[in-house]
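In case you want the letters, here they are:
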Amino acid sequence: MVQALRRLPAPRLTGLGAGLFAAAAMLLVGFLDWLVLDGSPLAFGLLFLPVSALTALWVRTADLVTAPIAVPIAFAVGVVPIAGGTGGFGGQAMAVVTALAVHAGWLYGGTLVAGLIASVRKVREMGRRRRRPVGAGHPAGAPRGGPGAATGPGGGAGSRSGTGAGAGTGTGSGAVRRNQAAARGRRPSP
């Protein structure tokens, strides 16, 4: 079972993308439930749980907080086809509100599933960050002054003697450190 789950695609959706995925999936589930099962709330609720789980699994780590927010909205969007309202917009809106109240157990269950998965993913990510060494982001021998710290404006190496591509502009690695110190208001080191 675990190996089968690992073979599933693992897209990384933004918060908006996860919300759109969940809403589109639940709207499709709602229409299929209305066409095939004549609006069965049990089938709709059972299919809401995996959509909630997939939404929480596929949202990128930076947007984990959006998963438990997006799935209740998706539930409300998907319940529209099976709500069974009549009498125009007002009757349809009342039917949707009634369906949300009657099927609140499924709504809370799916939101709980998304919240638990998002929480576990966040805790695992925090553990990974804590175990990562301090200098892991810089390869050995790379300058730590940021991108372009040792290069001139033309992409070539800067020089202190004034003969490189960055001649006269002070873009060598020593000059970068002096410029950064001056920008912070401190006296540059020699």
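### Details of helix 7 (residues 104–131)
Helix length check: helix 7, at 28 residues, gives a terminal C-alpha distance of 40 Å against a target of 40 Å (1.5 Å per residue), a fit within 8%. Residues of helix 7 that are buried include every one of Ala104, Leu107, Gly110, Ala114, Gly115, Ala118, Arg121, Glu125 and Gly127, and no others. Along its buried surface, helix 7 packs onto helix 3 (41–58), helix 4 (67–78) and helix 6 (88–102).

### As for the nonpolar core
In globular proteins that are soluble, nonpolar side chains generally tend to be buried together. One finds Met26, Phe44 and Val79 to be the most contacted residues of the largest nonpolar core, which totals 23 residues. Secondary structure elements with two or more residues in this core: helix 2 (15–36), helix 3, helix 4, helix 6 and helix 7. If we ignore the near neighbours within four places in the chain, the residues touching Val79 are Phe44, Val96, Ala99 and Leu100.

### Some details on the environment of Leu54
With respect to the helices, strands and loops of the structure, Leu54 is situated in helix 3. The class for Leu54 is partly exposed, based on a relative accessible area of 26%. A C-alpha to C-alpha distance of 8.5 Å links Leu54 and Ala22, two positions 32 residues apart in sequence.

Calculation criteria
- Residue numbers run consecutively from 1 along every chain, following the written order of its sequence.
- Totals for whole chains, interfaces and linings use all residues, but because this is a predicted model, local features are given only for residues with pLDDT of at least 70 and pairs of side-chain atoms are given and counted only at 80 or more.
- As a rule here, side-chain values cover all heavy atoms of the structure and leave hydrogens and water aside.
- Only DSSP runs of H or I with at least four residues qualify as helices, and only runs of E with at least two residues qualify as strands; both kinds are numbered from the N terminus onward.
- Here the expected length of a helix is defined as 1.5 Å per residue gap, with one fewer gap than residues.
- When accessible area is computed with a 1.4 Å probe and restricted to protein chains, residues below 20% of their type maximum are described as buried, those above 50% as exposed, and intermediate ones as partly exposed.
- In what follows, residue pairs with any heavy atoms lying within 4.5 Å of each other are defined as contacts.
- We call a set of buried Ala, Val, Leu, Ile, Met, Phe, Trp, Tyr and Cys residues a nonpolar core when their side-chain atoms join them within 4.5 Å.

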